[in-house]
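Observations on the model geometry
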Amino acid sequence: MSSIYVDPEEIKRFEAIATEWWDPDGRFKPLHQINPLRLDYIAQRVDLSAAKVLDVGCGGGLLAESMAARGAEVTGIDRSPKALSVAAVHAEQSGVQVDYQENDAETWAETHQGTYDVVTCLEVLEHVPDVERAVQACADMLKPDGLFFFATLNRTPECYLKAIIGAEYIMGWLPKGTHQYNKFIRPSEMVQAVRHAGLEEQDMQGLSYRMLLGQFYLSHNLNVNYLGFARKPA
């Protein structure tokens, strides 16, 4: 199933390493390290046990499965069939119910307007062809007073050094070419996309890394990774 809303080259890159999604020491090691932070950030702001959630660009299901384990009714969409297959098998083995579908936000939004309490789009927007269009689709799928959670990379020299040179070429955490610097999104651009979609931004925090301890933590530094959320007016 093809779509005009995704970059085929981006899909190929993630298809090539799809089997490594649940290896905590593999190519997705950084996602395993930040997933507890992302999950807690969301859970502190919404009662997941009573929430209908859509995870956009769910990949192998790290976040989707974690939210479902907390009681959420979760649908995960992605354009990588290999990643979705890995996600479905792992969920079954874990005894967690997640509805995985091969799709993208823009196409899914055509038939799911005002459906979800929460839409998450984490570490995805820096890979889509049109950020504002993707954010608008996410906003359209929220119920009134619903929450949109996002996480992405800032377009700064520091981020280029850490997320590309450091993570891909020095540490080898990700395959070379995973990220394209020109697709990184400044916080001001993220706020603009959120506002244009009719949402009200609520918070942004940085995801920083302690090299000596090998730990990620939330901070006020948005120069590299950052996450946040916005609310759809009631």
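Residues numbered from 1 in each chain as written. Predicted model: local features only at pLDDT ≥ 70, side-chain atom pairs only at ≥ 80, totals over all residues. Heavy atoms only, no water.

1. A closer look at the packing of aromatic side chains
A full pass over the atoms with the stated rule returns eight aromatic pairs. With centroids separated by 6.3 Å and ring planes inclined at 75 degrees, the aromatic side chains of Tyr41 and Phe229 adopt a geometry described as edge-to-face. Taken as a pair, Tyr41 in helix H2 (residues 29-43) and Phe229 in strand E8 (residues 225-231) lie far apart in primary sequence, 188 residues in all. Judged by its relative accessible area of 8%, Phe229 is buried. With 5.8 Å between their ring centres and 40 degrees between their planes, Phe148 and Phe150 make a pair best called tilted. Accessibility expressed as a relative area gives 1% for Phe150, which makes it buried. Chaining the aromatic ring pairs together yields one cluster made of Tyr41, Phe149 and Phe229. Above the face of the Tyr41 ring, Arg45 is positioned so that its terminal group lies 3.8 Å from the ring centre. One Lys or Arg, Arg210, reaches over the ring of Tyr217 and ends 3.8 Å from the middle of that ring. (Phe/Tyr/Trp six-rings, centres within 6.5 Å; stacked < 30°, edge-to-face > 60°. Helix = DSSP H or I, 4+ residues; strand = E, 2+ residues; numbered from the N terminus. Buried < 20%, exposed > 50% of the residue type's maximum accessible area, 1.4 Å probe, protein only. Lys NZ or Arg CZ within 6 Å of the ring centre and 35° of its normal.)

2. Focus: the environment of Gln202
Structurally, Gln202 is set in strand E6 (residues 200-210). On the accessibility criterion, Gln202 (37% relative accessible area) is partly exposed. Distance in space between the C-alpha atoms of Gln202 and Leu31 is 24 Å, their sequence separation being 171 residues. Sequence-distant contacts of Gln202, defined by excluding residues within four places in its chain, comprise Phe229, Ala230 and Arg231. A distance of 3.0 Å separates a polar side-chain atom of Gln202 from the backbone oxygen of Glu200. (Contact = heavy atoms within 4.5 Å. Polar contact = N/O pair within 3.5 Å; in protein donor to acceptor, adjacent residues only side chain to side chain.)

3. Observations regarding the packing of helix H6 (residues 131-140) against helix H8 (residues 187-196)
One can describe the packing of H6 onto H8 by two numbers: an axis separation of 8 Å at closest approach and a directional angle of 45 degrees. The orientation of H6 with respect to H8, classified from their angle, is oblique. Our pair here, H6 against H8, has a crossing hand that is right-handed. Across the interface between the two elements, Val131, Glu132, Val135 and Gln136 of H6 pack against Met190, Gln192, Ala193, Val194 and His196 of H8. Classifying every residue of the contact of H6 with H8 gives five nonpolar, three polar and one charged. (Axes fitted to C-alpha atoms, helices over the stretch in contact; angles between N-to-C directions. Parallel < 35°, antiparallel > 145°, perpendicular 65-115°, else oblique. Left-handed = near helix turned anticlockwise from the far one by under 90°. Nonpolar A, V, L, I, M, F, W, Y, C, P; charged D, E, K, R; others polar.)

4. Remarks on the pairing of strand E7 (residues 215-219)
Pairing geometry for E6 and E7, over five bridges, is antiparallel. Bridge pairing in E7 links Gly206 to Ser219. The antiparallel hairpin formed by E6 and E7 contains four residues in its connecting segment, where Gly214 sits at a positive phi of about 65 degrees. (Pairing = 2+ DSSP bridges.)

5. Notes on unusual backbone geometry
Despite not being glycine, Glu123 has its phi angle at roughly 55 degrees, a positive value. Within the element layout of this structure, Glu123 appears in the loop between strand E4 (116-122) and H6. Positive phi outside glycine occurs at Asp145, with the angle close to 75 degrees.

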